[in-house]
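# Notes for the structure review
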Amino acid sequence: LTGFLGSGKTTLLNYILKQPHGQRIAVIENEFGEAGIDNELLVQDQSEQIIEMNNGCICCSVRGDLIRILGRLMKRKDRLDGILIETTGLADPGPVAQTFFVDEDVKAKTTLDSVTALVDAKHVMARLDDSKEAREQVAFADRIILNKTDLVSPEELAALESRLRRINAVARIHRTVQCAVNLDHVLDVFPLAALAPVAAADPLRDRLGHRPRDDNP
């Protein structure tokens, strides 16, 4: 899960964790902040920053090696149904996604389900103008959640979707208010399952067929 600062990533994570989907999901955050996951906790392991929530889901804070924390999660006796990884607002999602292709143990035990970008409909136009990272996040995604659509006019929304399409013509766009998205659009979608055998140096960029680019005319 990627998205620029203020797009609503933590709101989306809290929304997913509170829905009655019946899945055991681990959420990996880069850090716990003041506006972090709602911490209704059962168990907390301070050494690894692993928090177990009262609905059976797990929240982790990664300050080091992502592969190490993935390895620990995969070794848990209580099998997980999925892992959500939240990138920082300024992060290129490519290196995180590559983890699922370059590490043999991770590749053998997991499948990269989706790269989902959260977009703030009210402010993203300015971010796309001045931020390479914002354009990269949109370009890498196979799902774009266009959030805060209640804060813009229909005309502004149409112009924004057109611009997003110029950056990424293949991603599915889902409009939301306060991140209330149909979970079928973000969990178990498996658009990337066919990539597992791909040995290209940069399979995600190959799949998208283009690199992040300046979409300005």
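Residues numbered from 1 in each chain as written. Predicted model: local features only at pLDDT ≥ 70, side-chain atom pairs only at ≥ 80, totals over all residues. Heavy atoms only, no water.

## Comments concerning helix H7 (residues 154-167)
- Taking 1.5 Å of rise per residue, 14 residues should cover 20 Å, and H7 covers 20 Å from first to last C-alpha, within 8% of that figure.
- For H7, the complete set of buried residues consists of Leu157, Leu160, Glu161, Arg163, Leu164 and Ile167. Take H7 and look down its axis: the buried residues cluster within an arc of 160 degrees, on one side only. Exposed residues lying more than 90 degrees from the buried face of H7 are Pro154 and Glu155. (Helix = DSSP H or I, 4+ residues; strand = E, 2+ residues; numbered from the N terminus. Expected span 1.5 Å × (residues − 1). Buried < 20%, exposed > 50% of the residue type's maximum accessible area, 1.4 Å probe, protein only. Arc of directions from axis to C-beta.)

## A word on the sheet that holds strand S7 (residues 116-120)
- As summarised here, the arrangement of the four strands in space is S1-S7-S8-S9, forming an open sheet in which the pairing is parallel. One side of each edge strand has no neighbouring strand; the edge strands of this open sheet are strand S1 (2-3) and strand S9 (172-175).
- Both S1 and S7 contribute to a ladder of two bridges, which runs parallel. Directly across from Thr2, in S7, lies its bridge partner Ala117. (Pairing = 2+ DSSP bridges.)

## Here we look at the nonpolar core
- Leu128, Val138, Ile144, Leu146 and Leu164 are the most contacted members of the largest nonpolar core, which has 19 residues in total.
- If you list the elements that add at least two residues to this core, you get S7, helix H5 (124-130), helix H6 (132-140), strand S8 (143-147) and H7.
- A total of four residues in this core trace back to one element, the largest contributor, which is H7.
- Here Ile144 is in contact with Ala117, Val119, Val138, Leu164, Ala171, Arg172, Ile173 and His174, once residues within four sequence places are set aside. (Core = buried A, V, L, I, M, F, W, Y, C linked by side-chain atoms within 4.5 Å. Contact = heavy atoms within 4.5 Å.)

## Examining the packing of helix H2 (residues 66-74) against helix H3 (residues 94-102)
- Contact geometry of H2 with H3 gives a least axis separation of 11 Å together with a crossing angle of 55 degrees. Taken together, the axis directions place H2 and H3 in an arrangement best described as oblique. As for how H2 packs across H3, the hand of that crossing is right-handed. In contact with Leu66, Ile67 and Leu70 of H2, H3 contributes Val96, Thr99 and Phe100.
- Counted by class, the contact of H2 with H3 contains five nonpolar, one polar and no charged residues. (Axes fitted to C-alpha atoms, helices over the stretch in contact; angles between N-to-C directions. Parallel < 35°, antiparallel > 145°, perpendicular 65-115°, else oblique. Left-handed = near helix turned anticlockwise from the far one by under 90°. Nonpolar A, V, L, I, M, F, W, Y, C, P; charged D, E, K, R; others polar.)

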